[in-house]
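Letter by letter, the chains look like this.
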Amino acid sequence: EPRSTLEHTGRTTDISMAGVFVQTERPPAPGTRLVLTLVSPTAWEPLSIPVEVRWVSDGSKGRTRGFGAHFEGLGTTQAAALYELLQASAYVEVR
């Protein structure tokens, strides 16, 4: 079965080594598996990571519209690149 490629733009507002919240007007349904591509001014190349959508915020009650996703199957190279991206963006405390 052919796979379709749909691109949607969002903004990460909370990110860790385990997952991410993506602010977007059209969040996918919980359980959706997709590839999230992170683009950062501190990274040489975009980082593509498979994720599973765990929960969705519809924007009601003053909440931000978007979705929370868990990183799935991070390889060693992806994990190292994500860690470096977080460190460069001051999301990870360096000791």
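About the cut-offs
- Residues numbered from 1 in each chain as written.
- Predicted model: local features only at pLDDT ≥ 70, side-chain atom pairs only at ≥ 80, totals over all residues.
- Heavy atoms only, no water.
- Phe/Tyr/Trp six-rings, centres within 6.5 Å; stacked < 30°, edge-to-face > 60°.
- Helix = DSSP H or I, 4+ residues; strand = E, 2+ residues; numbered from the N terminus.
- Buried < 20%, exposed > 50% of the residue type's maximum accessible area, 1.4 Å probe, protein only.
- pLDDT = per-residue confidence, 0-100.
- Pairing = 2+ DSSP bridges.
- Axes fitted to C-alpha atoms, helices over the stretch in contact; angles between N-to-C directions.
- Contact = heavy atoms within 4.5 Å.

Engineer: Is there a simple way to think about the packing of aromatic side chains in this case?
Structural biologist: The way to describe two aromatic rings as a pair is by their centre distance and the angle between their planes. If you walk through the whole model with that rule in mind, you get 1 aromatic pair. Aromatic pair phenylalanine 21 and tryptophan 55: ring centres 5.4 Å apart, planes at 20 degrees, arrangement stacked. Taken together, the positions of phenylalanine 21 in strand S2 (residues 19–23) and tryptophan 55 in strand S4 (residues 47–57) put the pair 34 residues apart, joining distant regions of the chain. Judged by its relative accessible area of 44%, tryptophan 55 falls in the partly exposed class.

Engineer: What exactly am I supposed to notice about the confidence of the model for the protein here?
Structural biologist: Low pLDDT means the predicted atomic positions in that stretch should not be read closely. Residues with a pLDDT of 70 or more make up 86% of the protein, whose mean pLDDT is 84. Per-element confidence in the protein is highest for strand S5 (residues 66–71), whose mean pLDDT is 96, and lowest for strand S1 (residues 11–15), whose mean pLDDT is 86.

Engineer: In this structure, what is going on with the sheet that holds S4? I would like to understand it.
Structural biologist: Strand pairing within a sheet occurs via backbone hydrogen bonds; the two strands may be parallel or antiparallel. Strand order in the open sheet made by the 5 strands is S1-S2-S5-S4-S3, with antiparallel pairing throughout. Whereas interior strands pair on both sides, the edge strands pair on one side only; in this sheet they are S1 and strand S3 (33–38). Between one strand axis and the next, the sheet turns through 40 degrees on average, direction left out of account. Note that S2 and S5 share 5 bridges and pair antiparallel. The residue of S5 that forms the bridge with valine 20 is alanine 69. Of the strands in this sheet, S1, S3, S4 and S5 touch helix H1 (residues 76–88), which is tilted by about 70 degrees from S4.

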